[in-house]
Amino acid sequence: MDEKNLNLTLKIWRQAGPTSVGSFQDFKVSVSEDSSILEMIDDLNNELEGDGKEPVTFESDCREGICGTCGLVINGQPHGPIPKIATCQLHMRNFKNGDTIWIEPFRAKAFPIIKDLMVDRSGFDRIMESGGYVSVNTGGVPDANEIPISKDVAAEAFDAAACIGCGACVAACKNASAMLFVSAKVSQFSLLPQGQPERYDRVQKMVMKMDEMGFGSCTNTYACEAECPKGISIKNIARMNRDYIKARATSENLEV
Amino acid sequence: MGDLKSFIPEGNISDKWTNHKFNMKLINPANKRKYKLIVVGTGLAGASAAATLGQLGYEVEAFTFHDSARRAHSIAAQGGINASKNYQNDGDSVFRLFYDTVKGGDFRSREANVHRLAEVSESIIDQCVAQGVPFARDYGGLLDNRSFGGAQVSRTFYAKGQTGQQLLLGAYSALNKEVAKGTVKLYSRKEMVDLVVIDGKARGIIVRDLETGAIEKYSAHAVIIATGGYGNVFFLSTNAMNSNATASWRAHKRGAYFGNPCFTQIHPTCLPVHGEGQSKLTLMSESLRNDGRIWVSKTKGDMRSPDQIPEEERDYYLERKYPSFGNLSPRDISSRSAKEVVDDGRGAQGQEAVYLDFKDAINRLGKHAIEEKYGNLFEIYETITGENPYKLPMKIYPAPHYTMGGLWVDYNLMSNLPGLFVLGEANFSDHGANRLGASALMQGLADGYFVIPYTIGNYLAEDKPELLPTDHEEFSKHEKEFDELVDKLMSINGKTTVDTFHKKLGRIMWNKVGMARNEKGLNEAIKEISELREEFWKDLKLVGTKDGVNQTLERAGRVVDYLELGELMAVDALDRNESCGAHFREEYQTGEGEAKRNDEDYTYVSAWEFKDLGRWELHKEDLDFEYVKLATRSYK
């Protein structure tokens, strides 16, 4: 195992609480190149705990890149240097012996830091609650095959629906915009026949909530798409904009 | 004779649920809002239950320890969801799905529950499509299906390798719709740490706020636990890092019986362990076994690279032993066979691993076809291992994946404690001793969308439970007991970290209560676990404070429970002097090394009542097999 170990310097963001002043703390670690970056922090934490020191707070769950819980900015990039993976899938063989690695939380006004690398992304849930669904009740629905959907449309809706809600798009954007996240959900439903009855109402509600939660505007830099671990396309943003403009042009809801 | 009553309705198996739905009492719509219900967990079972109960008009409070309801581990399920739609016209039916599930579970599940599951399976697919779940479709625009282990029809609906994600996001959207309407109040980052039981009934829960550390009390007319399985007792499993047994286990310690704790499924196709620092194991979808061939070298200690081992020196052991199901044999059988060849010293390059080889499929179908089918899985493999599976065979090995056991429930999904209902993987009811692929998602959604909404109404109408105030002295007592547990953990001041204890426990469980068990090993495990538990309470090192975020404290609380639950799993495995499904006792096997059931003495559900630390009383529920005749499973 030893010949595959890397000696690294970590600079990790430490912040005791939401209103505390944070700073980078240095750690020296030796890690197997087969480990993931989160396993490296597990090991570091186990050592810190053994020494009676406060471990680094960070979040993760499935460690398979699907739950969207983990999210670190590694050397300045959300989820690190390798495209189309989540932080938990970043393995140490992508680094070199002697490297220094900077590890920070996702930073955005709408994602306040709770502690160290843990942030509050509940703004995403509030947006989803504002309209990220088809309003059908349980029961009383037609047979599944009574709603035929062409393979291409289904595939496109799936690609939008693959978003894991990690927030890397917000962290990557200089405006901390949530347009990629919101447009992925809006697109999934605006592509599918099931989403049509609420199509224009939905897009207005979700965009309004997005603004209210403090996310910034989109200025088309495409950083979100570049950093998205699931490769969600910015085509979704264009689709959402079209729906939004159409909705606003015909909206009777003039005061908002 | 068993002493547990499951309240299975009278009548022919295909009429039971229909009749029961009619016979159950109803609550009129205006009265529903007077009932308060707690749902713990927001995975497939919890989210679908909370959404549906909210829609019916109940006042629902839903709890998740995650930051968002969408993170529940249901999201990681890959392969698919079964339903007896017979869209492929290949002879599927409700009865066949029922039959396959009872047989796959090796005759240790409750027939009536399984039949109901098969009945509602079709409505699940309809529901999910109406919500906008983007299932895979064929060129005509209708839904596509794939095959899975243990079945000879194509009944699995899927959304690429992300079916669990899409179904969970569907249930999450239904939940959000109710949150927006105000019928469901959602609490995130709050972990259930105790069940409040007063006069023998479930009356509420105690939670710890994971952000502030505050201990809070919530009361309700009924409590629903849908918090998943306990696979993380093994430390290394395919479960998510935070999946845990705490809600179930604390309810168990308050009187809820634990059913079949030794029935734990070891999934055959996971990535092998890379070293000491490994945090969890990654599943590679069972669908790979459609085209991959599993083999090891015929020679012990063969350290050659797999591409240097000629065809005639390879042992395709599944194809050799089970010619008709071959590489698609059920999970328990495939896992055990892998262990056998590794124990024989024939693991891939001396490791605890076997080869899963796509060479023949690539030669036959072309690289492009394989890429289309499994591209994302091949990428995951390469990301994690750094090896290219198009060139070299994958290395895989079995890993703890799913727990068929769980809190005991009757036909109405209510535990022996009135007012406590248990759904999804957290209950024991539908999969017997072995779960078939693509059936977990089906059960979670069946329980949440289509079973609990009916049965809970009957309980409320019949029992008329009252809502107790949270300043009731028993609530305060439960709260104080949890606070004392935290203080006790924080004051041990020893030298050993939580993870070190968890890893030690995991090693005992894997070696002695894992894929193959025997009397000697189980007795040793019981002793070693109780010793480890003592050591834990003497030597745990816990840093930080009980206020605010303290992830180490969260893990410590969970390990406290694993150290007790692990012992019960060994006790249960020791009690069950037979091999069935995933429970393989080495003493009970046929001459060919197959599981040997003992239907005479063990056709029952073990339901354990907690008496004291390390002491349980066994209750039994007799199982009747009226419609699927008891027979030895054969996949040869």
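Residues numbered from 1 in each chain as written. Chains lettered and ligands numbered in written order. Predicted model: local features only at pLDDT ≥ 70, side-chain atom pairs only at ≥ 80, totals over all residues. Heavy atoms only, no water.

Student: Help me out: how do you make sense of the overall build of chain A in this one?
Tutor: Per the secondary structure count, chain A includes eight helices and seven strands. A principal-axis box enclosing the C-alpha atoms of chain A has dimensions of 60 × 40 × 35 Å. Per-residue burial over chain A gives 58% buried out of 256 residues. For chain A, long-range pairs separated by at least 24 residues make up 70% of all intrachain contacts whose partners lie at least 6 apart in sequence. In the structure as shown, chain A presents an accessible area of about 10400 Å², 50% of it carried by carbon and sulfur atoms. Side-chain charges of chain A comprise 27 positive and 35 negative groups, with the mean position of each set lying 6 Å from the other. (Helix = DSSP H or I, 4+ residues; strand = E, 2+ residues; numbered from the N terminus. Buried < 20%, exposed > 50% of the residue type's maximum accessible area, 1.4 Å probe, protein only. Contact = heavy atoms within 4.5 Å. Areas by Shrake-Rupley, 256 points an atom, 1.4 Å probe, with all protein chains shown as cover. Lys, Arg positive; Asp, Glu negative; His and termini not counted. Charge placed at Lys NZ, Arg CZ, Asp CG, Glu CD.)

Student: Is there a simple way to think about the sheet that holds strand S3 (residues 72–74) of chain A in this case?
Tutor: Residue and element names in this part refer to chain A. Strands sit in the order S2-S1-S5-S3-S4 across an open sheet of five strands; the sheet is mixed. The strands lining the two open edges of the sheet, one partner per strand, are strand S2 (23–32) and strand S4 (77–78). The sheet contact formed by S3 and S4 spans two bridges and is antiparallel. Paired with Ile74 across the strands is Gln77, a residue of S4. (Pairing = 2+ DSSP bridges.)

Student: Can you help me understand the side chain of Glu425 of chain B in this one?
Tutor: Residue and element names in this part refer to chain B. Mapped onto the secondary structure, Glu425 falls in the loop between strand S17 (420–422) and helix H12 (440–463). Of the side chains with opposite charge, Arg435 comes closest to the buried, unpaired Glu425, at an N-O distance of 6.7 Å. In this view, Glu425 contacts Gly228, Gly229, Tyr402, Thr403, Gly405 and Gln443; residues no more than four positions away in its chain are not counted. (Salt bridge = Lys/Arg side-chain N within 4 Å of Asp/Glu carboxyl O.)

Student: Looking at this structure, how should I read a negative patch on the surface?
Tutor: Taken together, the side chains of Asp3, Asp622, Asp624 and Glu626 of chain B present a region of like negative charge at the surface. In this structure, Asp624 of chain B sits in the segment after strand S19 (615–622). (Patch = residues over 30% accessible without salt bridge, like charges linked within 9 Å, V, L, I, M, F, W, Y side chains within 5 Å.)

Student: Hey, could you run me through helix H6 (residues 163–181) of chain B in this one?
Tutor: Think of an α-helix as 3.6 residues a turn; residues three or four steps apart then line up on the same face. All names here are of chain B. The end-to-end C-alpha distance of H6, which contains 19 residues, comes to 27 Å, matching closely the 27 Å that a straight helix rising 1.5 Å per residue would cover. Counting buried residues along H6, 17 of its 19 residues qualify, which places the element largely inside the surrounding structure. Just beyond H6, the residue with positive phi is Gly182, at close to 85°. (Expected span 1.5 Å × (residues − 1).)

Student: Sorry if this is basic, but what is going on with the sheet that holds strand S6 (residues 190–198) of chain B here?
Tutor: Backbone-to-backbone hydrogen bonds pair the strands of a sheet. The strands run either parallel or antiparallel. Residues and elements named next belong to chain B. An order of S6-S7-S8 is seen for the three strands of this open sheet, with the pairing classed as antiparallel. Taken across any chain shown, the strands that pair with only one partner, and hence form the sheet edges, are S6 and strand S8 (215–219). Across this sheet, the average inter-strand angle for adjacent strands is 25°, counted without regard to direction. Bridging between strand S7 (residues 201–209) and S8 involves five bridges; their strand directions are antiparallel. Counterpart to Ile205 in the pairing with S8 is Tyr218. (Axes fitted to C-alpha atoms, helices over the stretch in contact; angles between N-to-C directions.)

Student: Can you help me understand the domain arrangement of chain B in this one?
Tutor: It is common to give the size of an interface as the accessible area that goes away when the parts come together. Residues and elements named next belong to chain B. Annotation of chain B at the domain level lists domain 1 (267–399) and domain 2 (473–614). Computed over C-alpha atoms only, the centres of domain 1 and domain 2 are separated by 31 Å. Every contact between the two is made by eleven residues of domain 1 and, on the other side, eleven residues of domain 2. Carbon and sulfur atoms make up 52% of the area that domain 1 and domain 2 hide from each other, which totals about 870 Å². A per-residue breakdown of the area domain 1 buries against domain 2 is headed by Glu276, Arg336 and Lys339, which together make up 52% of the total. Here Glu276 and Arg507 are joined by a salt bridge, their closest N and O atoms 3.5 Å apart. Counting across the interface, domain 1 meets domain 2 through four residue pairs in polar contact (both at pLDDT 80 or more). Elements with a contribution of two residues or more to the side of domain 1 that touches domain 2: helix H9 (331–343) and strand S15 (394–403). Of the residues forming the side of domain 1 that touches domain 2, the biggest block, five residues, is contributed by H9. In terms of residue class, the side of domain 1 that touches domain 2 is built from four nonpolar, one polar and six charged. (Domains from an automatic or database assignment. Buried area = accessible area lost by both parts, 1.4 Å probe. Polar contact = N/O pair within 3.5 Å; in protein donor to acceptor, adjacent residues only side chain to side chain. Nonpolar A, V, L, I, M, F, W, Y, C, P; charged D, E, K, R; others polar.)

Student: I'm lost on the environment of Pro148 of chain A in this one. Help?
Tutor: In this structure, Pro148 of chain A sits in the loop between helix H2 (122–129) and helix H3 (151–161). Not counting residues up to four positions away in its chain, the partners in contact with Pro148 of chain A are Arg137, Gly141 and Leu142 of chain B.

Student: Explain the environment of Val451 of chain B here, please?
Tutor: Residues and elements named next belong to chain B. Mapped onto the fold, Val451 is located in helix H12. Its relative accessible area of 1% is what places Val451 among the buried residues. Taking the C-alpha atoms as reference points, Val451 and Leu423, separated by 28 residues in sequence, lie 9.4 Å from one another. In contact with Val451, other than residues within four places in its own chain, are Trp17, Arg116, Leu413 and Ala446.

Student: Is there a simple way to think about the interface of chain A and chain B in this case?
Tutor: With 70 residues of chain A at the contact, the number on the chain B side is 76 residues. Roughly 6000 Å² is buried in total at the junction of chain A and chain B, and carbon and sulfur atoms are behind 50% of that figure. In terms of surface lost to chain B, no three residues of chain A exceed Asp61, Thr138 and Phe158 of chain A, which account for 12% of the buried area on that side. Connecting chain A to chain B are six salt bridges. The partner of Asp67 of chain B in a salt bridge is Arg121 of chain A, and the shortest N-O contact between them spans 3.6 Å.

Student: Help me understand the packing of helix H5 (residues 111–131) of chain B against H12 of chain B in this model?
Tutor: Two numbers describe a pair of packed helices, the interaxial angle and the distance between the axes. Residues and elements named next belong to chain B. With their axes 9 Å apart at the nearest point, H5 and H12 run at an angle of 85° to one another. Compared by their axis directions, H5 and H12 come out roughly perpendicular. Counted together, Arg116, Leu117, Val120, Ser121, Ser123, Ile124, Gln127, Cys128 and Gln131 of H5 and Met442, Gln443, Leu445, Ala446, Tyr449, Phe450 and Val451 of H12 form the full contact between these two elements. (Parallel < 35°, antiparallel > 145°, perpendicular 65-115°, else oblique.)

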